[in-house]
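Residue-level structural notes
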Amino acid sequence: MAVRPNRVQQRSPSQATEESDFKFFLPFKSLFVILCVGFGYYCYTHWHDFLEYLDSQPINSFAVVGQPKYTAYNDIRDSLLQFGELKGYFSQDVKEVQQQIEKMPWVRGALVRKIWPNKLSIAVAEYSPVAFWNDKQLLAADGAIFSLPEEKRGNLQLPALQGNDFQSREVLSAWYQISNALKAKNMTLQTMQIDGRGAWQVSLSNGIILKLGRGEWQQKIERFATIYPQIEVPEQQALDYVDLRYNSGAAVGFKPLPQVEPAPAETNED
């Protein structure tokens, strides 16, 4: 049997040259990758310095967009003064400015934009109060609790609600429901509170306090509307409260009428 000799693959001169060139540039390729990574890291850690280099002057003015009800020009100015001096157009982070403005307790949110070359445009969204909360604070329509300085409140005429902060939404929802129920009976709800045991107490615009207790209140309102015209108030007394924390009927309490001081007599001098 004939044996075929092994063929040894011969490399052409061009293939050998290409392989040699590849081996020669391989170290340079690795070095190029390392340089790119290093340059990228340098840019990442020094990009603030680069942006500051582009700025020719700091931001030194701002404009308020819209007409916020409680946020005055001086409020925003004082808020920006917390930075000392703002940076320039390229290097100033508007997110920091936005967060600083949103620290004002009546501000729900802010939108800040930069205007070339050295100005800020600021829009402010404020909470809109619908009720007083625990005397010193206010509630927004969604139950959010916020503060408003006394000098900005003006003559706010709002219902007064009380309770734990985590119950603010529950109390506000109950206010709307009980207020509408009383309004259907030609009565006006003025204040409402819930204590630590979950018992409700409300007061009407005529000063009468309704003690509703815990649980369902609709039937208690109906019961009060039924017995209220039948309550006999003693002379020189006024109805103070109606306790509806019973399965049927109610307990009532009275208070003396306020004393009216007589007006001083006029004297005629001859």
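As a reminder, the structure under discussion sits directly above these lines.
Below or above, wherever it landed, is the structure these notes cover. Counting starts from 1 at the beginning of each chain's written sequence and moves along it residue by residue. Local features in this predicted model are restricted to residues whose pLDDT is 70 or higher, and side-chain atom pairs enter the listing and the counts only when it is 80 or higher, whereas totals over whole chains, interfaces and linings include all residues. Side-chain numbers come from the whole structure's heavy atoms, not from hydrogens or water.

1. A closer look at the pairing of strand 4 (residues 129-133)
Just so we agree on the cut-off: Remark: exposure states derive from per-residue accessible area (1.4 Å probe, protein chains only) relative to the maximum for the residue type, with buried under 20%, exposed over 50%, and partly exposed in between. Note on conventions: DSSP H or I runs of at least 4 residues are helices, E runs of at least 2 residues are strands, and numbering of each starts at the N terminus. Strands are labelled as partners when DSSP assigns at least two bridges between them.
Among the 5 residues in strand 4, 4 count as buried, and that is most of the element. Two successive antiparallel strands, strand 4 and strand 5 (residues 137-140), enclose a turn made up of 3 residues, where Asn 134 displays a positive phi of approximately 50°. The pairing of strand 4 with strand 7 (residues 160-162) spans 2 bridges and is classified as parallel. In the sheet register, Phe 132 faces strand 7, and the bridge partner there is Ala 160.

2. Quick look at the nonpolar core
How we decide: Nine residue types can take part in a nonpolar core, namely buried Ala, Val, Leu, Ile, Met, Phe, Trp, Tyr and Cys, and a core is a set of them joined through side-chain atoms within 4.5 Å. Whether two residues are in contact is decided by their heavy atoms, any of which lying within 4.5 Å being enough.
Ranked by size, the top nonpolar core spans 28 residues in total, and within it Leu 161, Met 192, Leu 210 and Leu 212 carry the most contacts. Sorting the residues of this core by element identifies strand 4, helix 5 (168-183), strand 8 (189-194), strand 9 (200-204), strand 10 (209-213), helix 6 (218-227) and strand 11 (237-243) as the ones contributing at least two each. With 7 residues, helix 5 is the largest single contributor of residues to this core. Excluding residues within four positions of it along the chain, Leu 161 makes contact with Ala 131, Phe 132, Trp 133, Asn 134, Leu 139, Val 171, Leu 172, Trp 175 and Met 192. In terms of nonpolar packing, the next biggest core, distinct from the first, is built from 23 residues, Ile 76, Leu 80, Ile 101 and Trp 106 among them.

3. Quick notes on helix 6
Put simply, the rule is: Directions are taken from the helix axis to each C-beta atom, and the arc is the one they span.
Turning to helix 6, its buried residues number three or more, namely Lys 220, Ile 221, Arg 223 and Phe 224. Each buried residue of helix 6 sits inside an arc of 160° when the element is viewed along its axis, so together they form one side. Contacts made by the buried residues of helix 6 are with helix 5, strand 9, strand 10 and strand 11.

4. Thoughts on the pattern of salt bridges
Basically, it comes down to this: We define a salt bridge as a side-chain nitrogen of Lys or Arg found within 4 Å of a carboxyl oxygen belonging to Asp or Glu.
For the structure shown, the criterion picks out 7 salt bridges. For the salt bridge of Asp 142 with Arg 108, the shortest nitrogen-to-oxygen distance reads 3.3 Å. Of this pair, Asp 142 sits in the loop between strand 5 and strand 6 (145-146) while Arg 108 sits in strand 2 (residues 107-115), and the two are 34 residues apart along the sequence.

5. Section: the packing of aromatic side chains
Any aromatic ring pair is given by two values, namely how distant the centres are and how the planes are angled relative to each other. Put simply, the rule is: Stacked, tilted and edge-to-face pairs are distinguished by plane angle, under 30 degrees for stacked and over 60 for edge-to-face with tilted covering the rest, among Phe, Tyr and Trp rings (Trp via its six-membered ring) whose centres lie within 6.5 Å.
Tallied over the entire structure, the rule returns 6 aromatic pairs. Measuring from centroid to centroid gives 5.3 Å for Tyr 89 and Trp 116, while their planes differ by 80°, and the two rings are edge-to-face. You can see Tyr 89 sitting in the loop between helix 2 (73-80) and helix 3 (94-101) and its partner Trp 116 sitting in the loop between strand 2 and strand 3 (119-126), a full 27 residues away along the chain. Using a relative accessible area of 23% as the deciding quantity, one classes Tyr 89 as partly exposed.

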